[in-house]
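Examining the three-dimensional arrangement
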Amino acid sequence: MCKLDPYLNVDPGTMNPGEHGEVFVTDDGGETDLDLGHYERFIDESLSKMSNTTTGSVYSNVIAKERRGDYLGKTVQVIPHITDEIKERVRRLGTLGADVVIVEIGGTVGDIEIVPFIESIRQFRRDAGRDNVCYVHLTLVPYLAPSSEQKTKPTQHSVTELRSRGIQPDVIVCRSDKPISEGLKRKISLQCDVAIDAVVSAVDAASIYEIPLVLHEQGLDSYVCRTLGIDEGSHQIDISEWESLVARVESLARRVRVGIVGKYVNMPDAYMSVVEALRHAGFHHGAAVELDWIDAELVPDLLRTDRLRGLDAIVIPGGFGERGIEGMVAAAGYARDHGIPCLGLCLGLHVMVVSMARDRAGLERANSREFDSLSPHMVIDLMPDQAEVTEKGGTMRLGSYQAVLLAGSKVAQAYGTLGVTERHRHRFEFNNRYKARLEAVGLVCSGMSPDGRLVEFVELEDHPYWVATQAHPEFKSRPDRAHPLFRDLVAAALDRAEGREPHLLDLDAVT
């Protein structure tokens, strides 16, 4: 899988999550667009930093080559140097053992910044051979309620613009909130010069996981295979496992209410992988997870209400910056003292440790150096190798790191092993100078780096589920294989929900 993004940032790492959404991290430490998270969840393959290309990274590389003299004194231009760089990044993915590279170009046809990418894929068909490229164009077919009709004009204009750039789409996928009629398909086929069975209706579905079935029913997979010369006899399309998954999703019988206490709750895409990991855990337990988005800045006021008490579980996700931190610390303490299952992720571990330091260890004004450089107790501190770092992009602890778990701990029981690997994205760590003091008041450091220097997991023994990790386990969750930490969080949430609202005994079921 490959995502080409037209923005000038080298990667999304320095972008505001409240504006752009989540930064997804790959095993090799790439900070990428959140779409790569969707790719991994749907195809169950770990991607690399090579799967995400931005205009910024392309131009940065081309300019570096020019400075080194790689172009032998030639005039460096968009065509062929920028377009060649884009094509080379796509080709490189094809050398990793893949038979097919699926490339998504972000943005909209007609955008100024998208032109080099459109030109690059136009050239690609000439370079790779006509039968080795299939152009799939995604368009919107809006429904106008006053006239009770769907309009194909946006699709026609979009295809006209694309053709003016030299690309004739092989397939047109029409996004809509209502099914596209056969009459509209024929109209689009005629106006846009594509086969009628290459006009695909991608109608809104109740769950994103139903979309592959919708596209399969429309024959998109078969048409693309035929276009690329892939023999369906030798490579049969089998989506039975996905059908089983969707059947599970559609038969969720129980409900749990999980609060996400975060900084960017007005932009749910900022926590996309967390949301999906919670849903996956719900699928595992046959439960629908209802989300309660809680602005961390409002938590101190909410403590006087039943808002938090009415939750079955709390997740404190990652983030950067001081805003809302005291609310997260308060939420962690409330969950700890009221027996509410709680899972902390990266920043979540930091605030949970700060909460324990202040409330149980008596370390007044304990904090993280990130939020209070004058705190007398830096229970979370800057990593030594980060002390001299001044640039923001790509300079954190990024990618997969190993951890050794404490035998008998909640995290070891969840994973079913004592050795795990999780993805990271952070600068600050648990300060080992306070490890003994915090352990003395009940904090269990249940996972360490292999060399014993870094605390990777913490938890409480005397709590239904109060667990935190320095990592981002949400990135590795799959719809048919819930991540162990989220799976056990939802299990604890279901126990709490049952305890608060016990079901009547079904006498007919008793034998």
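A cluster of acidic residues, E217, D238, E241, E243 and D480, forms a negative patch on the protein surface. Along the chain, D238 turns up in the loop between α9 (220-227) and α10 (240-249).

Turning next to the sheet that holds strand β1 (residues 2-5). Strand order in this open sheet of three strands is β4-β1-β5, and the pairing throughout is parallel. Among the strands making up the open sheet, the edge pair consists of β4 (52-54) and β5 (103-105). Geometrically, the sheet is characterised by an average inter-axis angle of 15° between neighbouring strands, direction not taken into account. Alignment of β1 against β4, held across three bridges, turns out to be parallel. Across the sheet, the residue bridging to K3 is N52, located in β4. Strands β1 and β4 of the sheet are contacted by helix α3 (residues 55-68), whose axis makes an angle of about 75° with β4.

Let's shift gears to a nonpolar patch on the surface. Together, Y59, I63, V78 and I79 give the surface a local cluster of nonpolar side chains, amounting to about 330 Å² of exposed area. Secondary structure elements with two or more residues in the nonpolar patch: α3 and α4 (78-93). The topology assignment puts Y59 in helix α3. Taking relative accessible area as the criterion, Y59 reaches 30% and is therefore assigned partly exposed.

Counted according to the given criterion, the structure contains 43 salt bridges. As a salt-bridge pair, D292 and R257 come within 3.8 Å of each other at their nearest N and O atoms. Residue D292 is found in strand β12 (residues 287-295), and its partner R257 is found in strand β11 (residues 254-262); the two are separated by 35 residues along the sequence. Classification of D292 by relative accessible area gives buried; the value is 7%.

With that settled, the discussion passes to helix α6 (residues 153-164). Counted at 1.5 Å a residue, the expected span for α6 with its twelve residues is 16 Å, and the 16 Å between its end C-alpha atoms agrees. Listed as buried for α6 are T155, Q156, S158, V159 and L162. On an axial view of α6, the arc spanned by its buried residues comes to 165°, and they lie on one face. Turned more than 90 degrees away from the buried face of α6, the exposed residues are H157, T160 and S164.

Here strand β13 (residues 313-316) shows two buried faces, one formed by A313 and V315 and the other by I314 and I316. Sheet topology note: the β13/strand β14 (residues 342-345) ladder contains three bridges and is parallel. Residue pairing across strands places I314 opposite C342, the latter belonging to β14. Remark: the β13/helix α13 (residues 325-337)/β14 crossover connection has right-handed handedness.

This paragraph deals with unusual backbone geometry. Between I79 and P80 the backbone carries a cis peptide bond, its omega angle lying at 20°. Summarising the element assignment, P80 is placed in helix α4. You will see that D44, though not glycine, has its phi angle at about 55°, which is positive. With respect to the element layout, D44 can be found in the loop between α2 (35-43) and β4. Here C346, not a glycine, exhibits a phi torsion of approximately 60°, which is positive. Along the chain, C346 falls in the loop between β14 and α14 (347-359).

Before going further, it helps to spend a moment on the environment of A281. Note on placement: A281 falls in helix α11 (residues 272-285). Here A281 falls in the buried class, since its relative accessible area comes to 0%. With 205 residues separating them in the primary sequence, A281 and F486 have C-alpha atoms 5.8 Å apart. Those residues in contact with A281, other than ones at most four positions away along the chain, are A482, F486, R487 and V490.

Right, let's talk about the packing of aromatic side chains for a bit. Scanning the entire structure with this criterion turns up eight aromatic pairs. Measuring from centroid to centroid gives 6.2 Å for Y209 and W242, while their planes differ by 50°, and the two rings are tilted. Within this pair, whereas Y209 is found in the loop between β10 (199-203) and α8 (211-217), its partner W242 is found in helix α10, the two being separated by 33 residues in sequence. The same class applies to Y209 as to W242, namely buried. Both rings, one in Y209 and one in F283, keep their centres 5.8 Å apart while their planes meet at 85°; by these two values the pair is edge-to-face. Linking Y209 in the loop between β10 and α8 with F283 in helix α11, this pair joins segments that are 74 residues apart in sequence. Linked through ring pairs, F42, Y209, W242 and F283 together constitute an aromatic cluster. Sitting over the face of the ring of F124, R91 holds its NZ or CZ atom 5.5 Å from the ring centroid.

How each quantity is defined
- Residues numbered from 1 in each chain as written.
- Predicted model: local features only at pLDDT ≥ 70, side-chain atom pairs only at ≥ 80, totals over all residues.
- Heavy atoms only, no water.
- Patch = residues over 30% accessible without salt bridge, like charges linked within 9 Å, V, L, I, M, F, W, Y side chains within 5 Å.
- Areas by Shrake-Rupley, 256 points an atom, 1.4 Å probe, with all protein chains shown as cover.
- Salt bridge = Lys/Arg side-chain N within 4 Å of Asp/Glu carboxyl O.
- Lys, Arg positive; Asp, Glu negative; His and termini not counted.
- Charge placed at Lys NZ, Arg CZ, Asp CG, Glu CD.
- Helix = DSSP H or I, 4+ residues; strand = E, 2+ residues; numbered from the N terminus.
- Pairing = 2+ DSSP bridges.
- Axes fitted to C-alpha atoms, helices over the stretch in contact; angles between N-to-C directions.
- Contact = heavy atoms within 4.5 Å.
- Buried < 20%, exposed > 50% of the residue type's maximum accessible area, 1.4 Å probe, protein only.
- Expected span 1.5 Å × (residues − 1).
- Arc of directions from axis to C-beta.
- Right-handed = clockwise from strand over helix to strand, strands pointing away.
- Phe/Tyr/Trp six-rings, centres within 6.5 Å; stacked < 30°, edge-to-face > 60°.
- Lys NZ or Arg CZ within 6 Å of the ring centre and 35° of its normal.

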